[in-house]
Amino acid sequence: MIRKALWLSATSAFLTFFTVGGHAEDRVVNVFNWSDYIDSSIIDDFTKETGIKVVYDTFDSNEILETKLLAGGSGYDVVVPSGNFLARQIQAGVFQKLDKSKLPNISNMWDTVSERTAKYDPGNEYSVNYMWGTVGIGYNIKKVQAALGTDKIDSWDVFFNPDSLAKLKDCGVYVLDSPADIIPAALKYLGLDPNSTSPDDIAKAEETLLKVRPYIRKFHSSEYINALANGDICLAVGWSGDVFQARNRAVEAKQGVEIGYSVPKEGAQMWFDQMAIPADAPHVAEALEFINYMMKPEVIAKSSNYVLYANGNKASQQFVDKALLEDPSVYPDAETIKKLYTVSPYDPKTQRVITRTWTKIVTGQ
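Residues numbered from 1 in each chain as written. Predicted model: local features only at pLDDT ≥ 70, side-chain atom pairs only at ≥ 80, totals over all residues. Heavy atoms only, no water.

Quick reminder of the rule: UniProt positions are given in the numbering used here, feature names are shortened, and annotations may be inferred rather than shown by experiment.
As recorded in an unreviewed UniProt entry, the protein chain goes by the name Putrescine-binding periplasmic protein, listed as coming from Mesorhizobium ciceri. Quoted verbatim from the Subcellular location (unreviewed entry) field of the UniProt record, the comment on the protein chain reads "Periplasm". Its UniProt record, at the heading Function (unreviewed entry), says of the protein chain: "Required for the activity of the bacterial periplasmic transport system of putrescine."

Quick look at the structure:
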């Protein structure tokens, strides 16, 4: 009986060892992020350090991510929605609160960014910033010089003033097909609250945009990247990262196209991409380890250096490439940051007004 008991005990220990060991080897985290948005060596380094395998999938629009999240059972552990989408997804119960006791690196986050992301995620209870940027003006330096007599743009006036934009009509103007980005910019230009839901204020923004509508060639949220890079257009109102991408493509093409980017002096919208954990995530512990790893200063800096976006981690700035950190179009100075604003998600009634307004603007009717 004693030998049998010892044999069973040894067998139990043997099985436990291999079960635990096997489980450790099988640790995995499923990540769903924007395409071309991380240095792949970060994923390899995370696996080497933690033993956790990363299954990394990508998407190219918030709508694709939202469809998967709202349907449930996506199987993802870490996802990266943008602020406006994050806010309504939190309201829909899509995410779980973060166990911040498992996120010691959260102390590295930048108050300036965290205060703004709290508009979408009060208390930042559900998310951590990954990258952020602005909505501004991308432009072909030589073509703008030829048309306007200046090689530098620093104001929304070049876009919202019909007399100015008319001079750029022939060389081409593209605008984001995104009312949540363009209407607040119009309100800001008019000296109104970019978060206003007043029908009168929205009507003023509509009137302003309709005046410049004849000089806009196209509304599209991605085609302006290649159009700028190829020299097909001279101005685009777009997302900062897209314009930087256009700038890099133009440099690589070596066709003499120079692209500039402006955060207008009147102020511009900040956008945020946030790391969050779905409520039904199958590997929560691993998700927390991944997010905490991404908050290491040297890790998130490596990601910024690769994707050319600013991140919300203050401690990382010592590791960010000097040229990137000192580029005011990527990391605006303190005075510019004060002029940046965030936009809250629209309530259903306001959203209907915005949708009707935008249809009028895009169609020009």
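**What about the pairing of strand E8 (residues 259-262)?**
Formally: Under the scheme applied here, a residue whose accessible area is under 20% of the maximum for its type counts as buried, over 50% as exposed, and between as partly exposed, the area being computed with a 1.4 Å probe on protein chains only. Helix and strand labels come from DSSP, where a helix needs a run of H or I of at least four residues and a strand needs a run of E of at least two; each type is numbered from the N terminus. DSSP calls a pair of strands paired once it identifies at least 2 bridges connecting them.
Across the two faces of E8 the burial is the same, with Ile259 and Tyr261 and Gly260 and Ser262 all buried. As paired strands, strand E4 (residues 127-140) and E8 are joined by four bridges and run antiparallel to one another. Note that in E8 the partner of Tyr139 across the bridge is Gly260.

**Brief notes about the pattern of salt bridges**
The criterion, for reference: The term salt bridge refers to a side-chain nitrogen of Lys or Arg lying within 4 Å of a carboxyl oxygen of Asp or Glu.
Under the defined criterion, the tally for this structure stands at 13 salt bridges. Taking the shortest distance from any N to any O, the salt bridge between Arg27 and Glu286 comes out at 3.0 Å. Taken together, the positions of Arg27 in the loop between helix H1 (2-25) and strand E1 (28-34) and Glu286 in helix H13 (residues 284-294) put the pair 259 residues apart, joining distant regions of the chain. Between Glu207 and Lys211 there is a salt bridge; the shortest N-O distance is 3.9 Å. In this pair, Glu207 and Lys211 both sit in helix H10 (residues 199-212), four residues apart, roughly one turn of the helix. Given the relative accessible area of 46%, Glu207 is considered partly exposed.

**Focus on the packing of aromatic side chains**
Rule in force here: Each Phe, Tyr or Trp ring, with Trp reduced to its six-membered ring, pairs with another whose centre is within 6.5 Å; inter-plane angles below 30 degrees give stacked pairs, above 60 give edge-to-face pairs, and intermediate values give tilted ones. Here, a charge over a ring means that NZ of Lys or CZ of Arg falls within 6 Å of the ring centre while also lying within 35 degrees of the ring normal.
For the structure shown, the criterion picks out 17 aromatic pairs. Taking the centre distance of 5.4 Å and the plane angle of 80 degrees together, the rings of Tyr37 and Tyr309 count as edge-to-face. Remark: Tyr309 occurs in the loop between helix H14 (297-307) and helix H15 (322-325) and Tyr37 occurs in the loop between E1 and helix H2 (40-50); sequence separation between them is 272 residues. One exposure class covers both Tyr37 and Tyr309, and it is buried. The rings of Phe32, Trp34, Phe59 and Tyr76 are connected pair by pair, giving a single aromatic cluster. Over the ring of Phe85 we find Arg88, and its NZ or CZ is 4.5 Å from the ring centre.

**Describing the side chain of Ser240**
Where we set the bar: The contact definition used throughout considers only heavy atoms, calling two residues in contact when any of these lie within 4.5 Å.
With respect to the helices and strands, the residue Ser240 is situated in helix H12 (residues 240-253). Ser240 has contacts with Gly133, Thr134, Tyr261 and Trp271, leaving out every residue within four places of it along the chain.

**A look at the confidence of the model for the protein chain**
Selection criterion: For every residue, the predictor states its confidence as a pLDDT score lying anywhere from 0 to 100.
For the protein chain, the mean per-residue pLDDT works out to 91, and 93% of the residues sit at or above 70. Across residues 1-24, where pLDDT falls below 50, the model places one contact with residues more than four positions away in sequence or in other chains.

**A short note on the domain arrangement of the protein chain**
Under the convention used in this document: As annotated, the domain borders come from an automatic or database domain assignment. As a working definition, buried area equals the accessible area (1.4 Å probe) given up by two parts on being put together, with both sides summed. Polar contacts here mean pairs of N or O atoms no more than 3.5 Å apart (in protein, one a potential hydrogen donor and the other a potential acceptor; neighbouring residues in sequence count only if both atoms are side-chain atoms). Nonpolar residues are Ala, Val, Leu, Ile, Met, Phe, Trp, Tyr, Cys and Pro. Charged residues are Asp, Glu, Lys and Arg, and all others, Gly as well, are polar.
Domain parsing of the protein chain yields domain 1 (26-131 + 270-335) and domain 2 (132-267 + 342-361). The gap between the C-alpha centroids of domain 1 and domain 2 is 27 Å. On the domain 2 side, the residues contacting the 21 residues of domain 1 number 18 residues. A buried area of about 1,700 Å², summed over both sides, lies between domain 1 and domain 2, and 59% of it is on carbon and sulfur atoms. Our count for the contact surface shared by domain 1 and domain 2 stands at one salt bridge. Close ionic contact of Asp327 with Arg247 constitutes a salt bridge, the shortest N to O distance being 3.6 Å. Summed over the shared surface of domain 1 and domain 2, the number is six residue pairs in polar contact (both at pLDDT 80 or more). Elements represented by at least two residues in the side of domain 1 that touches domain 2 include exactly helix H4 (83-91), helix H5 (111-117), E4 and strand E9 (270-276). Tallying contributions element by element places E9 first for the side of domain 1 that touches domain 2, with three residues. In terms of residue class, the side of domain 1 that touches domain 2 is made up of 13 nonpolar, five polar and three charged.

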